[in-house]
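# An overview of the molecular structure
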Amino acid sequence: MRPISFIFIVSYVFFLFGCTQQNKIIELPLTSHTGYGPFNSSLGAMSPDDLNENNPWRKTMPMVLVAPEGLTDVKYGHVETDIFQNIYQNYLAGNISQEWYDKLQVAWNWTPDTVNLSKDQLKTKIIFAFGKDSTGAMKIVVDANNNLDLSDEIPFTAVDMEASGSLNSVHWL
């Protein structure tokens, strides 16, 4: 028997033996803890959108179709999930100027990968709003189903930033 055939047969036997051992269940003990683990709590990345006329990102920001109910002093913002796709698609749609597009490429040392980036408008942003409820408590609403309708979402209270010592990240509240 040739060595290659022998290696193939042995590998096949080990493969079959491994496939028959499907009754092994590995259980890991998990303990849930309140908090962020070794990370500091922060809402720094969640700031309201700047709709100023001079903001080069203004035309790329999603607009809320239906506002959250029961909140006052509401401000809107978004979380970006794919900045490169966002820049590329908004440049093609005319929402970002050639000058700004070129500046971003230079600043980030980025060359758009047109094979992996879509020319279609994809949803790369998740909108949120924050405002005060009837008791004056700050509430946040996140568009969980990404339909730009915040009326179908449940407002929640963020972690008490005063107690965690992270007030520096919530000056905008």
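Residues numbered from 1 in each chain as written. Predicted model: local features only at pLDDT ≥ 70, side-chain atom pairs only at ≥ 80, totals over all residues. Heavy atoms only, no water.

### A closer look at unusual backbone geometry
Positive phi values are uncommon outside glycine, yet N109 reaches one of about 50°. For N109, a relative accessible area of 72% translates into the label exposed. Even without glycine at this site, N146 takes up a positive phi of about 55°. Mapped onto the secondary structure, N146 falls in the loop between β3 (138-142) and α4 (161-164). (Buried < 20%, exposed > 50% of the residue type's maximum accessible area, 1.4 Å probe, protein only. Helix = DSSP H or I, 4+ residues; strand = E, 2+ residues; numbered from the N terminus.)

### A word on the pattern of salt bridges
Tallied over the entire structure, the rule returns 3 salt bridges. For R58, the salt bridge goes to E53, with nearest N and O atoms at 3.1 Å. E53 sits in the exposed class, given a relative accessible area of 60%. Here K103 and E99 are joined by a salt bridge, their closest N and O atoms 3.5 Å apart. Of this pair, K103 and E99 are both found in helix α3 (residues 98-107), 4 residues apart, which corresponds to roughly one turn of the helix. (Salt bridge = Lys/Arg side-chain N within 4 Å of Asp/Glu carboxyl O.)

### Brief notes about the sheet that holds strand β2 (residues 125-132)
Spatially, the 3 strands line up as an open sheet ordered β1-β2-β3, and their pairing is antiparallel. Here the strands that pair on one side only, and so sit at the sheet edges, are β1 (72-80) and β3. Shown here is a sheet whose adjacent strand axes are inclined to one another by a mean of 20°, direction ignored. Strand direction decides the pairing type here: β1 and β2, joined by 7 bridges, are antiparallel. The residue bridging G77 from the neighbouring strand is F128, located in β2. (Pairing = 2+ DSSP bridges. Axes fitted to C-alpha atoms, helices over the stretch in contact; angles between N-to-C directions.)

### Things to note about the nonpolar core
Core analysis: the largest hydrophobic core is formed by 7 residues, namely I87, Y88, I96, Y101, L104, W110 and L117. Apart from residues no more than four positions distant in its own chain, I87 is found in contact with W57, I96, Y101, L104, W108 and W110. (Core = buried A, V, L, I, M, F, W, Y, C linked by side-chain atoms within 4.5 Å. Contact = heavy atoms within 4.5 Å.)

### Quick word on the packing of aromatic side chains
In total, this model carries 6 aromatic pairs according to the counting rule given. When the centroid spacing of 6.2 Å and the interplanar angle of 85° are considered together, the rings of Y101 and W110 count as edge-to-face. In this structure an aromatic cluster arises from ring pairing among F84, Y91, Y101, W108 and W110. (Phe/Tyr/Trp six-rings, centres within 6.5 Å; stacked < 30°, edge-to-face > 60°.)

### Quick notes on the packing of helix α2 (residues 83-92) against α3
Between α2 and α3, the shortest axis-to-axis distance is 10 Å and the interhelical angle comes to 155°. Between α2 and α3, the angle is such that the two are roughly antiparallel. The handedness of the crossing between α2 and α3 is left-handed. Residues I87, Y88 and Y91 of α2 lie in contact with α3, whose contacting residues are Q98, Y101 and L104. (Parallel < 35°, antiparallel > 145°, perpendicular 65-115°, else oblique. Left-handed = near helix turned anticlockwise from the far one by under 90°.)

### Points about the side chain of N86
Position of N86 relative to the elements: it lies in helix α2. With near-sequence residues (within four places) excluded, N86 lies in contact with W57, T60, E80, T124 and K125.

### Observations concerning α3
Among the residues of α3, those classed as buried are Y101, L104 and Q105. Down the axis of α3, the sector holding all buried residues measures 100°, keeping them to one side. Residues of α3 that are exposed and point over 90 degrees away from its buried face: E99, V106 and A107. In the stretch just after α3, N109 is the one whose phi turns positive, near 50°. (Arc of directions from axis to C-beta.)

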